[in-house]
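Architecture and fold: a report
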Amino acid sequence: KAGVTQTPRYLIKTRGQQVTLSCSPISGHRSVSWYQQTPGQGLQFLFEYFSETQRNKGNFPGRFSGRQFSNSRSEMNVSTLELGDSALYLCASSSNGQGGRSEQYFGPGTRLTVT
Amino acid sequence: AQSVTQLGSHVSVSEGALVLLRCNYSSSVPPYLFWYVQYPNQGLQLLLKYTSAATLVKGINGFEAEFKKSETSFHLTKPSAHMSDAAEYFCAVSYTGANSKLTFGKGITLSVRP
């Protein structure tokens, strides 16, 4: 079974631009979560989608948004990029019939650099 | 609020030595606990998880962890370190309920000396 895939793997953007990152979960998984990883703040939860609905959201500004499609693929969008948005963005999927006890499988991440 | 504390940011051991990475959690409800490993330029790989069954959990690559409610701990151990174990290790907690949000510790970098 193919793992979680994320595209693109690397991205360079300029302040003020917007960016869209894509995540394809493991086949059959209905839950997709997004995390931001930075050296200073570590791994922080952005949001979770389940069956096309946002089920949980972290403490990030409204510039960070996401969506999930009927095939469970997910995108996250960051508008009006700031230098502090430079990070590794990780996507994780789970089959999630069991909420918090479900194993989450992570993709390789998208490395976003904002200049 | 629930949280995870990983003591120290860097641990160095000799090849063949015991690996012990500490994790303490703070939770007002029974938690689910996880250890993940991250190699450079890669995502996170699940090593093991505790979901209220056996308190001693065995994972991949020879790692295991013991859930100790009285100490609110979930320390990760491996009897004999291998060079390939050098990576960053994260402890994480989630909770009962529908959502899958993981709260991570700051991570510990493990170095293995030949």
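So, a few notes on the structure that sits alongside this text. Bear in mind that the values here come from a model prediction, so they are computed numbers and not experimental data.

**Describing the state of the cysteines**
- For the structure on display, the rule yields 2 disulfides over all chains.
- Residue pairing for Cys23(A): its cysteine sulfur links by disulfide to Cys91(A), the two sulfurs lying 1.7 Å apart. As the torsion about the S-S bond is roughly -55 degrees, the Cys23(A)-Cys91(A) disulfide counts as left-handed. Taken together, the residues span a long stretch of sequence, with Cys23(A) in strand S3 (residues 19-24) and Cys91(A) in strand S9 (residues 87-94) at a distance of 68 residues. Per residue, the accessibility class of Cys23(A) equals that of Cys91(A), and both read buried.
- Note on cysteine connectivity: Cys23(B) is disulfide-linked to Cys91(B), with sulfurs 2.0 Å apart. Across the disulfide from Cys23(B) to Cys91(B), rotation about the S-S bond amounts to roughly -65 degrees, and the bridge is consequently left-handed. Note that Cys23(B) is positioned in the loop between strand S3 (19-21) and strand S4 (24-26) and Cys91(B) in strand S10 (residues 87-95), a separation of 68 residues in sequence. The pair formed by Cys23(B) and Cys91(B) is uniform in burial state, with each residue classed as buried.

**Structural notes on the environment of Gln18(A)**
- Checked against the element boundaries, Gln18(A) lands in the loop between strand S2 (10-13) and S3.
- Setting aside residues up to four positions removed in sequence, Gln18(A) forms contacts with Lys13(A), Asn77(A), Val78(A), Ser79(A), Thr80(A) and Leu81(A).

**Side note on the nonpolar core**
- Of all hydrophobic cores here, the largest spans 27 residues; its most connected members are Trp35(B), Leu47(B), Leu48(B), Phe74(B), Leu76(B) and Tyr89(B).
- In terms of residue count, S10(B) provides more of this core than any other element does, 5 residues in total.
- The next biggest cluster of nonpolar side chains, apart from the first, holds 21 residues, and it includes Val19(A), Val78(A), Tyr89(A) and Val114(A).

**Points about unusual backbone geometry**
- For the bond running from Thr7(A) to Pro8(A), omega is -10 degrees, close enough to zero to count as cis.
- The phi dihedral of Glu52(A) falls on the positive side, at around 70 degrees, and the residue is not glycine.
- The residue Glu52(A) is located in the loop between strand S5 (42-50) and strand S6 (53-57) in this model.
- In the Ramachandran plot, Thr72(B) falls in the positive-phi region, its phi being about 45 degrees despite a non-glycine side chain.
- Following the sequence through the fold, Thr72(B) ends up in the loop between strand S8 (64-68) and strand S9 (73-78).

**So, the interface of chain B and chain A**
- In this complex, chain B contributes 22 residues to the contact, which on the side of chain A involves 25 residues.
- Interface area for chain B against chain A, summed over the two sides, is near 1900 Å², with a carbon-plus-sulfur share of 50%.
- Summed over the three residues of chain B that lose the most area to chain A, namely Leu44(B), Ser100(B) and Lys101(B), the buried surface amounts to 25% of that side.
- Where chain B touches chain A, the interface holds 1 salt bridge.
- Among the ionic pairs, Lys49(B) bridges to Glu103(A), the shortest N-O distance being 3.2 Å.
- In this assembly, chain B and chain A are joined by 5 residue pairs in polar contact (both at pLDDT 80 or more).
- At the level of elements, strand S5 (31-38), strand S6 (44-50) and S10 of chain B are the ones that each hand at least two residues to the side of chain B that touches chain A.
- At 4 residues, S5(B) tops the list of elements feeding residues into the side of chain B that touches chain A.

Conventions and cut-offs
Residues numbered from 1 in each chain as written. Chains lettered and ligands numbered in written order. Predicted model: local features only at pLDDT ≥ 70, side-chain atom pairs only at ≥ 80, totals over all residues. Heavy atoms only, no water. Disulfide = S-S within 2.5 Å. Helix = DSSP H or I, 4+ residues; strand = E, 2+ residues; numbered from the N terminus. Buried < 20%, exposed > 50% of the residue type's maximum accessible area, 1.4 Å probe, protein only. Contact = heavy atoms within 4.5 Å. Core = buried A, V, L, I, M, F, W, Y, C linked by side-chain atoms within 4.5 Å. Buried area = accessible area lost by both parts, 1.4 Å probe. Salt bridge = Lys/Arg side-chain N within 4 Å of Asp/Glu carboxyl O. Polar contact = N/O pair within 3.5 Å; in protein donor to acceptor, adjacent residues only side chain to side chain.

That's the geometry; what it means functionally is another story.
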